[in-house]
Each structure stands twice: as C-alpha cells, then as structure tokens.
Amino acid sequence: LNAMTPLTLSGFEQFELRYYSSRAEAGEVSPREHMKGVLEFCQNYASSFCSHSPSLLFQGRTGLGKTHLSLSIAKTAIDKGYGVVYGSVQNFLSILEKERFGRLESDTNRDLLHCDLLILDDLGTEFSTQFVSAALYNIINTRLMSEKPTIISTNLSMKELLERYGERMVSRMIGGYQRLMFAGKDVRQLRHLEQERGTKITEM
C-alpha cells in the first residue's frame, strides 16, 4: 500500500454524515440520506470482502468522500490479510511508463494486475497519451477477466468518461463495475470553514 497514504485517518468511523445537507429536492432524498446509503453499502462491501468481490466505480465531484471510503475499504481488507495496492492513476501510469523505457527496474504492472484489491484514485486527472490509454485498458480488462476487484474513483460523468476513454473501455466499466454516485458539497471546504469559524456545522 502506498506509504504516503494516511490510511489510519480514513476509517469508516471518521466518515461524518453531518457534512452532507439534510435538505431534499422535491421527489428526491437529501444528500445526507443518499450518502448514508453509500456509507452502508461500503461498510457491507468491506465486511464481506473477498478476492472475488465485485469492482466498484465511485463517481462525483471532488471532496465528497470517494477517497475516504475507498481507503476505509482498503483498511478493512488489509485487516483481513488481503494485499491492497492504492494510488492515483496519474502516479501509477507515470511509473509504468518509466519502467517501459528502462528508467525504473521495478515491476509495478505485476502488482497492479495481481494484487487482491486495486484502488485507482482520481481517474481522469492523468495526462492522456496512447500508452496511457492502452495501459489503463489492460489493467481494467485483465482484472475483470481474472475476477479481481478494483475500485476506481473519478470526478468525471459517464459522458465525460466516454469522451475521454472511448466506448471500448467505458463499456467494460459499465458491464463489470457497480456504480456509486456521491452527492453533496465539498467536504474539505466545509471542514476548512469550520476551522475558520471555530464552530461545527450542524445543519446545511
């Protein structure tokens, strides 16, 4: 697991639903109620995690808890003895490119393809090249074919994913991943606002 990841700070118990608005639009559930369902899904996924659990696609704007919940799942999987690899898509693909051209001697591709759980954070922030697209498709397709679970988080909508990666890769994700949509306002900004005010936000 990436040594720079603040895993100890990202347990389910630290996920605070109070940052999500309890106000609902007509005919819809509130962001808080929606995220409560997302949290419960992730907790159940983690508690029953095995080497053939389904893959997940976390979608939503930045700061809504996608990384937090993916790391909470990682923490539970590690506690169960599974091998987890976590990192940003941009960092992994940068390393793979350096290995391909002989500037690094490690074998990151093997780890990405064969670990028990792979977590790819921030899909869509990487620099797009032909090599990047091919490497990313290979990771997603190979792990789906071998039934190894992957969790991908992205700020992009399905339309934006399709425009960026094309039908071939996105169709693999649609067919092989369970989608979880994240709702609400940027939690990081709300926490910063609390720190400035010196008081907790209790209702939005």
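Structure's up top.
Notes on the structure follow. Keep in mind the model is a prediction, meaning the values are calculated, not measured.

Before going further, it helps to spend a moment on the pairing of strand β2 (residues 84-88). Counting buried positions along β2 yields five of five residues, so the element is predominantly enclosed. Of the two faces of β2, both are covered, the one formed by Val84, Tyr86 and Ser88 as well as the one formed by Val85 and Gly87. Pairing of β2 with strand β3 (residues 117-123), which is carried by five bridges, proceeds in the parallel orientation. Note on β3: the bridge partner recorded for Gly87 is Leu120.

Enumeration according to the criterion identifies five aromatic pairs in this entry. Centroid distance Tyr45 to Phe49: 6.0 Å. Interplanar angle 55 degrees. Geometry classified as tilted. Residue Tyr45 is classed as buried on the basis of its relative accessible area, which comes to 6%. Ring plane angle 90 degrees and centroid distance 5.1 Å describe the contact between Phe49 and Tyr82, whose orientation is recorded as edge-to-face. Of this pair, Phe49 sits in the loop between α1 (31-47) and β1 (55-59) while Tyr82 sits in the loop between α2 (66-79) and β2, and the two are 33 residues apart along the sequence.

What follows covers the pattern of salt bridges. A complete count under the given rule lists four salt bridges for this structure. We note a salt bridge from Asp111 to Arg110, for which the minimum N-O separation is 3.7 Å. Its relative accessible area of 37% is what places Asp111 among the partly exposed residues. Among the ionic pairs, Glu126 bridges to Arg164, the shortest N-O distance being 3.7 Å. Taken together, the residues span a long stretch of sequence, with Glu126 in the loop between β3 and α5 (130-145) and Arg164 in helix α6 (residues 158-176) at a distance of 38 residues. By relative accessible area, which is 31% here, Arg164 ends up partly exposed.

Another aspect to go through is the packing of α5 against α6. Packed helix pairs are specified by the crossing angle of their axes together with the interaxial distance, meaning the distance between the axes. Orientation of α5 relative to α6, taken along the N-to-C sense of each, is 30 degrees, at an axis distance of 11 Å. Classified by the angle their axes make, α5 and α6 are roughly parallel. Every pair of crossing elements has a handedness; the one defined by α5 and α6 is left-handed. Residues Leu136, Tyr137, Ile140, Asn141, Leu144 and Met145 of α5 touch α6, and the partners they reach there are Tyr165, Arg168, Met169, Arg172, Met173 and Gly176. Residue composition of the contact of α5 with α6, by class: eight nonpolar, two polar and two charged.

Rules behind the numbers
Residues numbered from 1 in each chain as written. Predicted model: local features only at pLDDT ≥ 70, side-chain atom pairs only at ≥ 80, totals over all residues. Heavy atoms only, no water. Buried < 20%, exposed > 50% of the residue type's maximum accessible area, 1.4 Å probe, protein only. Helix = DSSP H or I, 4+ residues; strand = E, 2+ residues; numbered from the N terminus. Pairing = 2+ DSSP bridges. Phe/Tyr/Trp six-rings, centres within 6.5 Å; stacked < 30°, edge-to-face > 60°. Salt bridge = Lys/Arg side-chain N within 4 Å of Asp/Glu carboxyl O. Axes fitted to C-alpha atoms, helices over the stretch in contact; angles between N-to-C directions. Parallel < 35°, antiparallel > 145°, perpendicular 65-115°, else oblique. Left-handed = near helix turned anticlockwise from the far one by under 90°. Contact = heavy atoms within 4.5 Å. Nonpolar A, V, L, I, M, F, W, Y, C, P; charged D, E, K, R; others polar.

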